[in-house]
Amino acid sequence: MDTRRYEMTTIDAGTGSGLTPVDKLLIAAGSDVRGHRIATAYATNKVDAGSLLVFEFDERTEQLSSAEETEDYRGYEQLGMPVRVVRGGIADPPSCLKELEKPENVLSREDRVALDITLFTKPYFFWILKYLSVYVGISNVSAYYTEPESYRYSAGTFDSYQSTYGPLHVREMPGYPGEGRAVGSRLLVVLLGFDGQLSTAINDDVAPNKTIVVNGFPSYCPKFKDISLVNNERLVAGARSVMYAPAHNPFETYNLLQHIRDKREDAVMTIAPLGTKPMALGACLFAISNEDVRVVYPLPETYAKKTTRASWRSWRYDMDVSAVTAGG
Amino acid sequence: MNSAHSYKNPFSSYNANLMTPREILDFWCNPFFGLRSGEVNEHHVFNHKDPIVFQGGRGTGKTMFLRYFSYEVQAERFERPQGSGRCSVLDSLRHQGAIGIYVRLDGAVVRDFQGRGVSEDMWDKIFCQYFELDVCQKYLEVLEALLANGSIEEGGTGEFVKGAFGLLGERWKTGSRVADVVKVVRRRISEITNFRADASFRRLEFSPTKAFASQDLTYGMPELMLKSIPELDQVRFLLLVDEYENFSASQQQILNTLLKFPKTFATFRIGMRLEGFHTFETISPEEFIKRGRDYSGVVFEDVIIKDRGYREFLSRVAAKRLLAVPLFEEKGWSDITAFLGKKEDLEAEAKELLKCQRKGRHRHFEPIPTHGPAGGREEVIGQIECRANPLFEMLNVLWVLRRKSPEDTRQAMEDYINKRSTGAGAKYKTDYVDKYKLSLMFLMASLHQRDKLYYSFNTFCFLSSGIVGNFIELCRRSFQLAEFEERHNLLEDGRIAPRIQHAAAREFGSAELEMVSRIREYGSALYRFTKNMGNSFRSYHRDFRIRYPETNQFTVEMSAISPEKYTKAFRAAIRWSVVQRKPRLQGASPGKGKGDVYTLNRVFAPVFQISPRTRGGYSVQLSVEQLRDYMDKEEVESPLRKPSRAKPSTPSLFPPEK
């Protein structure tokens, strides 16, 4: 089996240890404090970040309701780094293509690129990684992610967690339609999140022959793994098996997906990455290297403004997005 | 192993899409079997030459129904030994009348044929290409299965393979087999999938190896099979297309064209939600499809509810599931009413409710004025109290509020209890048994700030609203909670306490209500509408004078709804079974003209504490303005004017009514 080593490193934002020099650092604008931690660490520790490519979304800009929020949102302007802004619609990642291909923003295969996925929605960073990998031709990308210290529960109880509001449209992730084969056994792998309504909506829409549920364990905090099981009770009750992958490690998720795939080679595989962003990152890498795998995601009317509290650890994941395969 | 240890919730498989063919057969119950609407029998479904459209809400069993007629399930059925004279699967299918090809495109795929700078016309062409190839792929899947089980000889398929290569625009090579045709189809589908992937990143033209128009493969491929494979001579195909509502209007135009022109060898059976047609147009200008002329329609809820066979159907569905659990099979426990109880026992429930009210036993007497024409409240209570049955007390309160004297009320109650044939006793019986018993229970629960419980098979039948999936989910949650909280009672006595059933019903209602807000079409508006409508009905159930008992339906003039977005939202409410139209036109209220009457899905009843049953009589008449308010506003005022509570009535010149 073709294997390759992966690397994940914790970041010390105070000293800058763990940061890697890059030509372009891609971040999403947002008022969550976690979103600027990495860019700030680059600036304060004078680690070369080249230029900052900031993705701004109309929907988030419209939601800003106070001067303080706006200041947080535009925090990147205070970093003293060269900044380029790319605007797009949060529900439609390809909408930023036009701005991304402007001569001043254009990325080349020689660029050293890092992507801070903390404030990107999952469809966006899935789209960006595939764009970098397949259409720009970049083979190595570093992804940063800052974990939340805890989550917000709207009514105070664990089952009241909601990351999205309003009507849901289950969509294929742009660029990840899989092979389009509609015959044979359909396998749905759901990376569990806290929001049980999302998983039910996806399971009903995809209507697989078999559903495998992957829970994040070890989780950021011991109780999180139980919250996701409780909140997804309906799906878990109907699923034929529950598997586990560490919540903070995309490569273990990748390996688990590979393992599932090896056991069910004939099945048409669909992944719903509803869990943590590092787990979703693993699913993204897996789908990039397995083009026949489809990725679906529920697109909401609106995302919750804030779903987390404070920052915890930050990670850097070094990935070869051109030829990622299982192994460790 | 002890069978109690291997116990598994009999209702845990609820999604027909997830079931294996064997499970479909094991759990199959024809919803139309034994009903007076006898036209929907299996023979009819297999053999009727025109398309049939089956409409029903989410969970009504459309997928189970369509899948039952599919090749994979019927093959499983006929592959089971059936005594000595076993014939081939193909012979059995031919005898049935047709081979079913189950087609379902999930919403995520269907919705991907849009945007990214590609014109709508182009996307429609690409979708048409995809649909043709997808159906073609499914025909070939059946053909491969027939080859595998020996119904067809591979040697006899040469002519077909050659023809199929031509049909697909691929050069034929000597020695090619059916498997090679499948590969060609997959390559053609990949062209579309690759385009869909690439279109997200760059602008490009769709240029397939061969473009297919509507009918080229959906009808072209089976025609070729019949002509060139001797074993398939005279065989008919049924295209069982599920979730038709997922297709956009322009996609439905393409499929409607196929429906309009069925072939003798291939026709359609469509499964869709209510209001699932987004258009009746075809791709030919000015041509449209019409029910009765181009297709016949069956609405699951209409047939099931109208026919009164629904309870028997649910009972059979439950029995099959219960007997699939070894422990229950051993004990012969196939009767769901034994687990849930047949009907509610309202008297017992009322007494149980008061047991928990240590300090506030008399709270349900509070509507009586502290100093009214009938005397002080305590004095009145002394007259009308009946510890043996709190619901009598509740009715007595109602009578006193309606100006009957406490003495006469007590007398009427005693006449009824002692079966004395007096006019007052008869009136008391009518009020208690025929008119108000359930309303009294709702009112009493509300006055004691407790939930009215929802339990028993009868109640679950009402709550399920003609939707078998709701019934299964109510049972699943009840069995699950019972297993967790009262495992012994469940597995040893075969009973589930009303308290547990109620918790399950309430949880399910709340979960369904939350899901309303996530409906992809107008979810937020429908959530507000459901909440406002439910609260409005609730206010009728809390009316001390029970002026409109068990009011839980409404009327609105659909054709008058404007602007269009509200019409669309209301249609979406029907499509998602948030709102259900009553099968027949009814008078909105006694004395009013006939019109469409709607109910909220009864599954929400435990959340709003409203009656789950149909009593008829009064319907809330919603004006178009009110409907818009219900959809737009977080909270609206109830149309029912609140009765004054515990206020002494104004002195009257007239004596109280006797």
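Just so it is clear, the model here is predicted, and its values are computed rather than measured.

A. Here's a closer look at the overall build of chain A. Looking only at helices and strands, chain A has 10 helices and 13 strands in total. Expressed as a percentage of the 328 residues in chain A, the buried residues total 50%. In chain A, the proportion of contacts linking residues at least 24 apart, taken out of those at least 6 apart, comes to 82%.

B. Quick look at the overall build of chain B. Looking only at helices and strands, chain B has 28 helices and 13 strands in total. In chain B, buried positions account for 45% of the 658 residues. When contacts within chain B are restricted to residue pairs at least 6 apart in sequence, long-range pairs at least 24 apart make up 76% of them.

C. Quick peek at the interface of chain B and chain A. Contacts between the two partners involve 37 residues from chain B and, on the opposite side, 32 residues from chain A. At the level of secondary structure, the elements contributing two or more residues to the side of chain B that touches chain A comprise helix H6 (107-110), helix H7 (120-148), helix H9 (178-198), helix H24 (498-516) and helix H25 (523-541) of chain B. Considering every element that reaches the side of chain B that touches chain A, the biggest residue donor is H9(B), with seven residues. Looking at the side of chain B that touches chain A residue by residue, the class counts come to 11 nonpolar, 11 polar and 15 charged.

D. Quick peek at the pairing of strand S3 (residues 237-241) of chain B. Residues and elements named next belong to chain B. Among the five residues that make up S3, five are buried, leaving the element largely enclosed by the rest of the structure. Both faces of S3 are covered, namely the face carrying Phe237, Leu239 and Val241 and the face carrying Leu238 and Leu240. Where strand S2 (residues 99-103) meets S3, five bridges bridge the pair, whose relative direction is parallel. When the sheet's bridge partners are listed, Val103 is paired in S3 with Val241. Read as a crossover between parallel neighbours, the route from S3 over helix H11 (residues 249-260) to strand S4 (residues 266-272) is right-handed.

E. Representation of the domain arrangement of chain A in the model. All names here are of chain A. When the domains of chain A are assigned, the result is domain 1 (7-151 + 307-320) and domain 2 (158-303). Just the C-alpha atoms count here: the centres of domain 1 and domain 2 sit 24 Å apart. Taken residue by residue, the interface counts 23 residues in domain 1 and 24 residues in domain 2. Of all the secondary structure elements, the ones that give two or more residues to the side of domain 1 that touches domain 2 are helix H5 (122-136), strand S6 (140-151) and strand S13 (308-320). No other element matches H5, which puts eight residues into the side of domain 1 that touches domain 2. By residue class, the composition of the side of domain 1 that touches domain 2 is 17 nonpolar, three polar and three charged.

F. Summary view of the nonpolar core. Counting residues in hydrophobic clusters, the biggest one holds 98 residues, and the most contacted among them are A:Leu25, A:Leu132, A:Val190, A:Ala283, A:Cys284 and A:Val295. Sequence-distant contacts of A:Leu132, that is, excluding residues within four places in its chain, are made with A:Leu107, A:Val113, A:Ile138, A:Val141 and A:Val321. Judged by nonpolar contacts, the second largest core, of 78 residues, contains B:Phe127, B:Phe160, B:Ile192 and B:Ile289.

G. Representation of the domain arrangement of chain B within the structure. If you check the domain split of chain B, you get domain 1 (16-308), domain 2 (346-447) and domain 3 (522-643). Computed over C-alpha atoms only, the centres of domain 1 of chain B and domain 2 of chain B are separated by 61 Å.

H. Highlighting the packing of helix H8 (residues 158-167) of chain B against H9(B). All names here are of chain B. Two numbers describe how H8 lies on H9: the axes approach to 9 Å, and their chain directions differ by 15°. Taken together, the axis directions place H8 and H9 in an arrangement best described as roughly parallel. As for how H8 packs across H9, the hand of that crossing is left-handed. Residues Val161, Ala164 and Phe165 of H8 touch H9, and the partners they reach there are Val178, Val181 and Val184.

Cut-off values and rules
Residues numbered from 1 in each chain as written. Chains lettered and ligands numbered in written order. Predicted model: local features only at pLDDT ≥ 70, side-chain atom pairs only at ≥ 80, totals over all residues. Helix = DSSP H or I, 4+ residues; strand = E, 2+ residues; numbered from the N terminus. Buried ≥ 20, exposed ≤ 12 C-beta atoms within 10 Å, placed from the backbone. Contact = placed C-beta atoms within 7 Å. Nonpolar A, V, L, I, M, F, W, Y, C, P; charged D, E, K, R; others polar. Pairing = 2+ DSSP bridges. Right-handed = clockwise from strand over helix to strand, strands pointing away. Domains from an automatic or database assignment. Core = buried A, V, L, I, M, F, W, Y, C linked by C-beta atoms within 7 Å. Axes fitted to C-alpha atoms, helices over the stretch in contact; angles between N-to-C directions. Parallel < 35°, antiparallel > 145°, perpendicular 65-115°, else oblique. Left-handed = near helix turned anticlockwise from the far one by under 90°.

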